[in-house]
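# Descriptive analysis of the structure
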Amino acid sequence: AQSVTQLGSHVSVSEGALVLLRCNYSSSVPPYLFWYVQYPNQGLQLLLKYTSAATLVKGINGFEAEFKKSETSFHLTKPSAHMSDAAEYFCAVSPSSWGNEKLTFGTGTRLTIIP
Amino acid sequence: EPEVTQTPSHQVTQMGQEVILRCVPISNHLYFYWYRQILGQKVEFLVSFYNNEISEKSEIFDDQFSVERPDGSNFTLKIRSTKLEDSAMYFCASSEPSIYGYTFGSGTRLTVV
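Reading the values: rules and limits
Just so you know, the residues in each chain are numbered from 1, in the order the chain's sequence is written. Here every chain gets a letter starting at A, and every ligand a number starting at 1, in the order they are written. Per-residue local features of the predicted model are confined to residues with pLDDT of at least 70, and side-chain atom pairs are confined, for both listing and counting, to 80 or more; whole-chain, interface and lining totals are unaffected and use all residues. Excluding hydrogens and water, the side-chain values take into account all heavy atoms of the structure. Pairs of strands are assigned from DSSP output, requiring at least two bridges between the strands. Numbered from the N terminus, helices here are DSSP runs of H or I no shorter than four residues, and strands are runs of E no shorter than two. Angles run from 0 to 180 degrees between N-to-C directions of axes, and those axes are lines fitted to C-alpha atoms, restricted for helices to the stretch in contact. Three exposure classes are used, based on accessible area relative to the maximum for each residue type with a 1.4 Å probe and protein chains only: buried under 20%, partly exposed in between, and exposed over 50%. Among buried residues, the Ala, Val, Leu, Ile, Met, Phe, Trp, Tyr and Cys ones that are joined through side-chain atoms within 4.5 Å form a nonpolar core. Throughout, a contact is declared for two residues whenever any of their heavy atoms are within 4.5 Å. What counts as buried area is the accessible surface, traced by a 1.4 Å probe, that two parts surrender upon association, with contributions from both included. A pair is scored as a salt bridge if a Lys or Arg side-chain nitrogen falls within 4 Å of a carboxyl oxygen belonging to Asp or Glu. As used in this structure description, the phrase polar contact means that two N or O atoms lie within 3.5 Å; if the pair is within protein, one of them must be able to donate a hydrogen and the other to accept it, and residues adjacent in sequence are counted only when both atoms belong to side chains. For this scheme, ten residues count as nonpolar: Ala, Val, Leu, Ile, Met, Phe, Trp, Tyr, Cys and Pro. Four count as charged, namely Asp, Glu, Lys and Arg, and the remainder, Gly too, count as polar.

### Side note on the sheet that holds strand β8 (residues 73-78) of chain A
Residues and elements named next belong to chain A. Within the open sheet, the five strands sit side by side as β1-β3-β8-β7-β6. Their pairing is antiparallel. Each edge of the open sheet carries a strand with a single partner, namely β1 (3-7) and β6 (56-58). Averaged over neighbouring strand pairs, the angle between their axes works out to 20 degrees when direction is ignored.

Encoded structure:
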């Protein structure tokens, strides 16, 4: 079975400050990990994905995440927060990189940007 | 950029009624999914569909639920005899095996009253 745990249901950062959203995973097979963003009243948009090619993954909108097997973590970071980053962020895990397996999501982290 | 389209965006139904949520996946995708998100909770997998049959379903996806691809372009989720606890945002997604990363639709918010 696979699961992800997102620490912190709400995170607030000042505009221009570092964004760090935490995700830890549990998996009995090599995991494939994802971060999705959900803006208000919108669907889920893929930010980035880890598929074992590289441990540091760069995504859209300046976000990146680093896969650390020793820590079973896949934290999402952005060096400088922007007001437009305010949204809900979901970490997810899958047993496959082929797009034919279900995703197991974390509970989400709501990111608030303070002007 | 290709999109997954879901209709309606919001549906209100009375308890006990049947609802059909509709999705148009990306045309060359082969795998189709339904997920739901109860307000304030995480996104949960309901069912996956491939080659005109269910490939996997969760324990949530009981006899009350069914899926269909009636005409080769639409993908529907039917909920029979809706209950209050079925109120949620329902997301459709599609994918193709060569490029990982589902494409999700913008969701249908179902409210059962």
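Moving on from the coordinates now.
### Brief notes about the environment of V57 of chain A
Along the chain, V57 of chain A falls in strand β6. For V57 of chain A, a relative accessible area of 11% puts it in the buried group.

### Some details on the nonpolar core
Across soluble globular proteins, nonpolar side chains show a tendency to be buried alongside one another. Of all hydrophobic cores here, the largest spans 27 residues; its most connected members are W35, L48, F74, L76 and Y89 of chain A. Elements with a minimum of two residues in this core: β2 (10-14), β3 (19-26), β4 (32-38), β5 (44-50), β7 (64-68), β8, β9 (87-94) and β11 (109-114) of chain A. Once residues lying within four places of it in the same chain are set aside, the contact partners of F74 of chain A are C23, L33, F34, W35, L48, K49, Y50, V57, A65, E66 and F67 of chain A. Counting 23 residues, the second-largest nonpolar core is a separate cluster that includes L21, W34, F65 and L77 of chain B.

### What about the interface of chain A and chain B?
Each partner contributes residues to the interface: chain A has 21 residues there, and chain B has 20 residues. At the boundary of chain A with chain B, total buried surface from both sides reaches about 1,800 Å², with 58% on carbon and sulfur atoms. Counting every contact that joins chain A to chain B gives one salt bridge. Across the pair K102 of chain A and E56 of chain B runs a salt bridge whose closest N-O atoms are separated by 3.4 Å. Viewed at the interface, chain B and chain A are joined by four residue pairs in polar contact (both at pLDDT 80 or more). Counting only elements with at least two residues in the side of chain A that touches chain B, the list comes to β4, β5 and β9 of chain A. Of the residues belonging to the side of chain A that touches chain B, the class tally is eight nonpolar, ten polar and three charged.

### A few points about the pattern of salt bridges
Residues and elements named next belong to chain A. Across all of its chains, the model carries five salt bridges over all chains by this definition. With a shortest N-O distance of 2.9 Å, D85 and K78 are connected by a salt bridge. As far as the burial class goes, D85 and K78 line up, both buried.

### Notes on the pairing of strand β3 (residues 19-24) of chain B
Residues and elements named next belong to chain B. Side chains V19, L21 and C23 project from β3 onto a buried face, and the interleaved I20, R22 and V24 project onto a face without burial. Two strands pair when backbone bridges link them, and strand β1 (residues 5-7) and β3 are joined in this way by three bridges, in the antiparallel orientation. If you follow Q6 over to β3, its bridge partner there is C23. Of the pairings in the sheet, the one linking β3 to strand β8 (residues 75-79) comprises five bridges and is antiparallel in character.

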